[in-house]
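# Residue-level structure breakdown
These are the residues of each chain, in order.
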Amino acid sequence: VLPILEHLGLSVMAARPYDIVLKDGRRFYINNFSVHYGESAEIKIDDVQDIFQDAFDNVWHGRAENDGFNTS
């Protein structure tokens, strides 16, 4: 996940892992990342949310390369 976030133009400042165990014994892991975007003083999340999620999903599922071209 970290390289994908960094190639999308974010700096990961901290990562907090959480281990979730359900009553039925199933276990899940959640990582909460604190990130910084240095290209702009202000980002309107509503304006970039869909584009960011689509880009991340495409890289995660191998439909796009995980490289520096993703920062634009």
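Just so it is clear, the model here is predicted, and its values are computed rather than measured.

Cut-offs and rules
- Residues numbered from 1 in each chain as written.
- Predicted model: local features only at pLDDT ≥ 70, side-chain atom pairs only at ≥ 80, totals over all residues.
- Heavy atoms only, no water.
- Helix = DSSP H or I, 4+ residues; strand = E, 2+ residues; numbered from the N terminus.
- Rg over C-alpha atoms; globule rule 2.2 N^0.38 Å.
- Buried < 20%, exposed > 50% of the residue type's maximum accessible area, 1.4 Å probe, protein only.
- Contact = heavy atoms within 4.5 Å.
- Areas by Shrake-Rupley, 256 points an atom, 1.4 Å probe, with all protein chains shown as cover.
- Lys, Arg positive; Asp, Glu negative; His and termini not counted.
- Charge placed at Lys NZ, Arg CZ, Asp CG, Glu CD.
- Phe/Tyr/Trp six-rings, centres within 6.5 Å; stacked < 30°, edge-to-face > 60°.
- pLDDT = per-residue confidence, 0-100.
- Core = buried A, V, L, I, M, F, W, Y, C linked by side-chain atoms within 4.5 Å.
- Salt bridge = Lys/Arg side-chain N within 4 Å of Asp/Glu carboxyl O.
- Pairing = 2+ DSSP bridges.

With that settled, the discussion passes to the overall build of the protein chain. Summing up its helical and strand segments, the protein chain has two helices and two strands in all. Starting at the N terminus and ending at the C terminus, the protein chain contains elements arranged as α-β-β-α. Its C-alpha atoms give the protein chain a radius of gyration of 15 Å, more than 25% over the compact-globule value 11 Å for 72 residues. Classification of the 72 residues of the protein chain by burial places 8% in the buried group. Expressed as a percentage of contacts within the protein chain between residues at least 6 apart in sequence, the contacts between residues at least 24 apart total 45%. Carbon and sulfur atoms form 53% of the exposed surface of the protein chain, whose accessible area is close to 5,900 Å². The distance from the centre of the 6 positive side-chain charges to the centre of the 12 negative ones in the protein chain is 14 Å.

So, about the packing of aromatic side chains. Across all of its chains, the model carries one aromatic pair by this definition. For the ring pair Phe56 and Trp60, a centre distance of 6.0 Å and an interplane angle of 15° mean the geometry is stacked. Of this pair, Phe56 and Trp60 both sit in helix α2 (residues 45–60), four residues apart, which is roughly one turn of that helix.

We now examine the confidence of the model for the protein chain. Of all residues in the protein chain, 96% attain a pLDDT of 70 or more, and the chain-wide mean is 91. Of all helices and strands in the protein chain, the one with the weakest mean pLDDT is helix α1 (residues 2–7) (93), whereas strand β1 (residues 10–21) scores best (95).

Now for the nonpolar core. With six residues, the main nonpolar core is built from Ile4, Leu5, Leu8, Leu10, Phe56 and Val59. Only α1 and α2 provide two or more residues apiece to this core. Beyond its immediate stretch of four places on either side in the chain, Phe56 contacts Val1, Ile4, Leu5 and Leu8.

With that settled, the discussion passes to the pattern of salt bridges. Applying the stated rule across the entire model yields three salt bridges. Residue Asp57 is joined to Arg63 by a salt bridge in which the shortest nitrogen-to-oxygen separation is 2.5 Å. Using a relative accessible area of 30% as the deciding quantity, one classes Asp57 as partly exposed.

Both β1 and strand β2 (residues 27–37) contribute to a ladder of 11 bridges, which runs antiparallel. Residue Val12 lies in a different strand from β2, and its bridge partner there is Val35.

This next bit is on the environment of Asn58. Within the secondary structure layout, Asn58 lies in helix α2. You can call Asn58 partly exposed: its relative accessible area is 28%.

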